[in-house]
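Reading the structure
Residue-level listing of the chains:
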Amino acid sequence: MSKTEVPPRRRSVLVSGASIAGPALAYWLDRHGFAVTVVERAPTIRTGGYPIDVRGTAIDVVERMGLLPQIRAAHIASRAMNFVDGQGRVIGSVPIYEAIGSDSARDVELPRGTLASLLHDATRNGTIAYRFNDSIDSLHDDGQGIDVGFASGRRARYDVVIGADGLHSRTRRLVFGPEDTFTHSLGFCFSLFSMPNDRGLSHGGIVHAEAGRISGIWAVQDSPRVFGFLAFATDDAPGAISRDVAEQIGRTRAAFADMGWEVPRLLDAMAAADDLYFDSVCQIRMPCWSKGRVALVGDAAFAPSFRSGQGTSLALVGAYILAGELATHDDPQDAFAAYERVARPFVEANQALATGDNGAFFLPRTQKDIQARDGVLAEIARNGPTGMFDASKQAVHASLRLPDYASVLPALPSVSPG
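Just so you know, these numbers come straight off a predicted model, no measurement behind them.

**Things to note about the sheet that holds strand 8 (residues 136-141)**
An order of 8-9-10 is seen for the three strands of this open sheet, with the pairing classed as antiparallel. Each edge of the sheet is formed by a strand with only one pairing partner; in this case those strands are strand 8 and strand 10 (155-158). Strand-to-strand twist across the sheet, computed as the mean angle between neighbouring axes with direction ignored, equals 20°. Of the strand pairs in this sheet, strand 9 (residues 146-150) and strand 10 are connected by four bridges, and their pairing is antiparallel. Looking at the pairing, D147 lines up with R157 of strand 10.

**Considering unusual backbone geometry**
One non-glycine residue, A77, lies in the positive phi region at around 60°. Inspection of the secondary structure puts A77 in the loop between helix 3 (68-73) and strand 4 (80-84). Phi at H203 takes a positive value of approximately 55°, unusual for a residue other than glycine. Mapped onto the fold, H203 is located in the loop between strand 12 (183-196) and strand 13 (204-210).

**Things to note about the nonpolar core**
Formed by 80 residues in total, the largest nonpolar core has its most connected members in L25, L29, V54, I162, V297 and L316. The element that contributes the greatest number of residues to this core is helix 10 (residues 311-328), accounting for 11 residues. What L29 contacts, discounting residues up to four positions off in sequence, is V13, V15, F34, V36, A323 and L326. Membership of the second largest hydrophobic core comes to 25 residues, among which are I76, M81, V94 and F227.

**Some thoughts on the pairing of strand 8**
By the bridge criterion, five bridges tie strand 8 to strand 9 in an arrangement that is antiparallel. Paired with L139 across the bridge in strand 9 is V148. Taking the residues between adjacent antiparallel strands as the criterion, strand 8 and strand 9 are bridged by four residues, where G143 takes a positive phi near 95°.

**Some words on helix 8 (residues 263-272)**
Since there are 3.6 residues in each turn of an α-helix, residues three or four apart along the chain are aligned in direction. Along helix 8, the residues that are buried comprise V263, L266, L267, A269 and M270. Projected down its long axis, helix 8 carries its buried residues within an arc of 165°, all on one side. At its buried positions, helix 8 is contacted by strand 12, strand 14 (213-219), strand 15 (225-233) and helix 7 (245-255).

**Comments concerning the packing of aromatic side chains**
With the rule as written, the count across this model stands at 14 aromatic pairs. Considering the side-chain rings of W28 and Y320, the 5.0 Å spacing of their centres and the 85° angle between planes classify their relative orientation as edge-to-face. Pair noted here: W28 is in helix 1 (residues 21-31) and Y320 is in helix 10, with a separation of 292 residues, a long-range link. For Y320, a relative accessible area of 4% gives the class buried. An aromatic cluster is built from Y27, W28, Y320 and Y405, whose rings are joined through pairwise contacts. It is R154 that lies over the ring of F150; its NZ or CZ is 4.0 Å from the centre. Its end group placed over the ring of F188, R365 keeps NZ or CZ at 5.9 Å from the ring centre.

**Brief notes about the pairing of strand 1 (residues 12-16)**
Each regular strand shows side chains that alternate between the opposite faces of the sheet. Counting buried residues along strand 1, five of its five residues qualify, which places the element largely inside the surrounding structure. Of the two faces of strand 1, the one holding S12, L14 and S16 and the one holding V13 and V15 are both buried throughout. One crossover worth recording links strand 1 to the parallel strand 2 (residues 35-40) by way of helix 1, and it is right-handed. The pairing of strand 1 with strand 11 (residues 160-163) spans four bridges and is parallel. Counterpart to V13 in the pairing with strand 11 is V160.

What counts and what doesn't
Residues numbered from 1 in each chain as written. Predicted model: local features only at pLDDT ≥ 70, side-chain atom pairs only at ≥ 80, totals over all residues. Heavy atoms only, no water. Pairing = 2+ DSSP bridges. Helix = DSSP H or I, 4+ residues; strand = E, 2+ residues; numbered from the N terminus. Axes fitted to C-alpha atoms, helices over the stretch in contact; angles between N-to-C directions. Core = buried A, V, L, I, M, F, W, Y, C linked by side-chain atoms within 4.5 Å. Buried < 20%, exposed > 50% of the residue type's maximum accessible area, 1.4 Å probe, protein only. Contact = heavy atoms within 4.5 Å. Arc of directions from axis to C-beta. Phe/Tyr/Trp six-rings, centres within 6.5 Å; stacked < 30°, edge-to-face > 60°. Lys NZ or Arg CZ within 6 Å of the ring centre and 35° of its normal. Right-handed = clockwise from strand over helix to strand, strands pointing away.

Following this line, the structure appears as structure tokens:
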């Protein structure tokens, strides 16, 4: 470059959210040469957390990031889920990977916080700016760029803004409108919390369910703490679920007041937990994931719900495609349209895994669902699990062949030996 030449300005992208989709997107945008800022309202990366899965096409994404060995090393390797009656007697048992219809060779289960930390570490390279304890307060898209006001009072201008800020995305609300417009209820409300592993559980879980009420305990390997789970059927719209902790605890106590097994202990543990998370079981369904120079990715755009088991994988795949399309299109709106053309069929196929009869084995809403589950458990006890569950899920998990954006990736800097 001659002395009179000016290097081209790197296009700037603000990513809102530093859980899974946000850091994954930041990684690929940085590799494609964008100037990336990630804003996160929490004070730091959230560690710990419940188990999640990286499976199917998402395995290819983390492999291209160079993270697959570390992710495989963190594999929890859950073994079985036991189903019990109100007296704690075992009804039946299911090997986890058979039950979820997953290819164990293409499915890695690890704590959510472990994956978040790995993604954060992969993006702490000095070129990606993380701004914690802050969030987007206002957005003004003038067609040439976006002026952003932050809760901290800071103001900045970006070429593109991406909302990767989860199911209750503030970016989506600011740009696309009220959350209720895009939420689709799957008919349950749930609470998740940690509690002491008093039973010595290991590598799996125990579930006791009645029609419309499900209770469970899940052990991550041999951890001294386990996750308690309580879910109950509701016809309320997702937006009607109160965000008040005391109100939610009271509502859950009322729903499970006369249930047997270890439910009373679970209810007390829920009330005492300092990590209680509660929400509706719902999906985000949007007719379009972008508007102007703003787009959404991960749960903010297409949350599939935990009934699908694909939220993390969709976030990783969506981030890879969105970054690649932004790199191969000069106009952000053209990039967003291409991102949606590539990703939407995969997203909708995976969202469908959580609807209809899918998921009723683990979240039975009716007595008929309970009877069908018990029939499957009896058949497994007689003949084993092979062929008992829908193997087509594996095909859905891996139904997208990743586009190859290698031609627009700049070479990584070489490292001198020694």
